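Breakdown of the fold
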Amino acid sequence: RQLRAGFEIHAYGFADGLHLRNFGTYVRQYQLTGDTQWLVRDPSFSDPEFVAQERAAVREKAARVAPFAPLSTILADETSLTSYTQPHDFDYHPGNIAAVRDRMEEKFGTVAALKAATHAEAESFATLAPPTTRAARRTGNWGLWNEWRAHNDAQWAEVFAFYRREIEQVYPAA
């Protein structure tokens, strides 16, 4: 439908999870401590509680705008896995670590094949730990780091698919 004066709308602001909370704090603390607890993305799409909250919020927002038949639904402005162009290792959430382990086992089949392809020092998929950028730079071994990054890129793409699915549940014309 058209709004007053013939304007049509673009609905904006569906995705609260695409922007990081306290990014500067996380970066500073990781730089000071080297502790990977500061590499857990906040919010993390590997956190089932956050995903459930985000699902409900997105569906509620879609229901509010659906009667206006917006031309588009815009998730957010300037989204990034990290924060704009600042490099930072994400997401070391335990659920995401489990997901990359599963992905590596599916892709390589055996730890021996993983080691041959990436030169990783893994003893098992269950204990596989993705290297940080700092560690990859120090060792010069980027094999497993590249796999980790590709996994996170795929996870990030899935985040956008998640939002699309959730909006379309309520507003199929989106």
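Residues numbered from 1 in each chain as written. Predicted model: local features only at pLDDT ≥ 70, side-chain atom pairs only at ≥ 80, totals over all residues. Heavy atoms only, no water.

Inspection of the entire model under this criterion finds ten salt bridges. As a salt-bridge pair, Arg-21 and Asp-42 come within 3.0 Å of each other at their nearest N and O atoms. Placement of the pair is Arg-21 in the loop between strand S1 (10–12) and helix H1 (23–33) and Asp-42 in the loop between H1 and helix H2 (48–65), with a sequence separation of 21 residues. With a relative accessible area of 21%, Asp-42 lands in the partly exposed category. Ionic pairing is found between Asp-153 and Arg-149, a salt bridge with its closest N-O pair at 3.8 Å. On the criterion of helical spacing, the pair formed by Asp-153 and Arg-149 is a turn pair, its members being four residues apart in helix H6 (residues 143–170). Accessibility expressed as a relative area gives 44% for Asp-153, which makes it partly exposed. (Salt bridge = Lys/Arg side-chain N within 4 Å of Asp/Glu carboxyl O. Helix = DSSP H or I, 4+ residues; strand = E, 2+ residues; numbered from the N terminus. Buried < 20%, exposed > 50% of the residue type's maximum accessible area, 1.4 Å probe, protein only.)

Inspection of every chain in the model, using the stated rule, returns eight aromatic pairs. With 5.7 Å between their ring centres and 90 degrees between their planes, Trp-156 and Phe-160 make a pair best called edge-to-face. Residue Trp-156 and its partner Phe-160 are located together in helix H6, separated by four residues, close to a single helical turn. A relative accessible area of 31% means that Phe-160 is categorised as partly exposed. Aromatic ring contacts, followed pair by pair, group Phe-45, Phe-50, Phe-162 and Tyr-163 into a single cluster. (Phe/Tyr/Trp six-rings, centres within 6.5 Å; stacked < 30°, edge-to-face > 60°.)

What follows deals with the side chain of Glu-147. By secondary structure assignment, the location of Glu-147 is in helix H6. Overall, the relative accessible area of 16% leaves Glu-147 in the buried class. Apart from residues lying up to four places away in sequence, Glu-147 is in contact with Met-104, Lys-107, Phe-108 and Thr-118. (Contact = heavy atoms within 4.5 Å.)

This part takes up the packing of helix H3 (residues 94–108) against H6. At a minimum axis distance of 10 Å, the contact between H3 and H6 shows a crossing angle of 115 degrees. Between H3 and H6, the crossing angle belongs to the class labelled roughly perpendicular. For the element pair H3 and H6, the recorded crossing hand is right-handed. Contacts between H3 and H6 involve Asn-96, Ile-97, Ala-99, Val-100, Arg-103, Met-104, Lys-107 and Phe-108 from the former and Leu-144, Glu-147, Trp-148, Ala-150, His-151, Asn-152, Ala-154 and Gln-155 from the latter. The class makeup of the residues in the contact of H3 with H6 is nine nonpolar, four polar and three charged. (Axes fitted to C-alpha atoms, helices over the stretch in contact; angles between N-to-C directions. Parallel < 35°, antiparallel > 145°, perpendicular 65-115°, else oblique. Left-handed = near helix turned anticlockwise from the far one by under 90°. Nonpolar A, V, L, I, M, F, W, Y, C, P; charged D, E, K, R; others polar.)

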